[in-house]
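# Examining the three-dimensional arrangement
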Amino acid sequence: MKTRQKPTLQLESTGDESFDAILGGGIPAQSVVVIAGEPGSGKTVLTLQILFRAARKGKKCLYFTTLAEPAIKVIRYMQLFDFFDAALVDKQIVIANLNAALRKGADGTLTELSAMIEKHQPAFLAIDSFRAIADHIDAGHVARSFVYDLATQTAAWGVTTLLVGEY
């Protein structure tokens, strides 16, 4: 009798062995993961720790800031952490701002995200703060449609997506 091997899920490390153990080995690759918490709880630090770890392994990463934090402020703050490596910024980790795209609504934001994903072909995509996008776009079905469209597109590209926000 032939035993069927159970499929396994590829996992990506968070860069913290203890946290990975709690998560059962890491976060699922090519999935959409929400990183949520109170202000100052470490959401951005965790997100960038994941991205810098991936970048060190040769994976391309896209990190989008929104209305919450300008990119230069994020970089300045991240320099305080051991995981930060300035040599990876703009090469393996592209940091971009979505403010202009947000002014164009859900379609304009999705178009900008799609263009950047196609241009850089990242393994990881992070949007910080995704809550700012949801609040800015519209309430209700438009925001839900946007999330669905984003999740569908990133899944098709095989991108591990981190949506960061205060929830």
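Okay, so let's go over this structure. (Residues numbered from 1 in each chain as written. Predicted model: local features only at pLDDT ≥ 70, side-chain atom pairs only at ≥ 80, totals over all residues. Heavy atoms only, no water.)

### Side note on the side chain of glutamine 49
Take glutamine 49: it is sitting in helix α2 (residues 43-56). A polar atom in the side chain of glutamine 49 sits 3.2 Å from the backbone oxygen of threonine 14. Excluding its chain neighbours within four sequence positions, the residues that come into contact with glutamine 49 are Thr14, Gly15, Asp16 and Phe83. (Helix = DSSP H or I, 4+ residues; strand = E, 2+ residues; numbered from the N terminus. Polar contact = N/O pair within 3.5 Å; in protein donor to acceptor, adjacent residues only side chain to side chain. Contact = heavy atoms within 4.5 Å.)

### A short note on the nonpolar core
Residues Leu48, Leu51, Phe52 and Leu162 are the most contacted members of the largest nonpolar core, which totals 27 residues. Elements represented by at least two residues in this core include exactly β3 (32-36), α2, β4 (61-65), α3 (71-78), β5 (93-97), β6 (124-128) and β7 (160-165). Per-element tally for this core: the top contributor is α2, with 8 residues. Those residues in contact with leucine 48 that lie beyond four places of it in its chain are Tyr63, Val74, Met78 and Phe83. (Core = buried A, V, L, I, M, F, W, Y, C linked by side-chain atoms within 4.5 Å. Buried < 20%, exposed > 50% of the residue type's maximum accessible area, 1.4 Å probe, protein only.)

### Considering the packing of aromatic side chains
Under the definition given, this model contains 5 aromatic pairs. Considering the side-chain rings of phenylalanine 52 and phenylalanine 84, the 5.3 Å spacing of their centres and the 50° angle between planes classify their relative orientation as tilted. Residue phenylalanine 52 is located in helix α2, and its partner phenylalanine 84 is located in the loop between α3 and β5; the two are separated by 32 residues in the primary sequence. On the basis of an interplanar angle of 25° and a centroid distance of 6.1 Å, the ring pair of phenylalanine 130 and phenylalanine 146 is categorised as stacked. (Phe/Tyr/Trp six-rings, centres within 6.5 Å; stacked < 30°, edge-to-face > 60°.)

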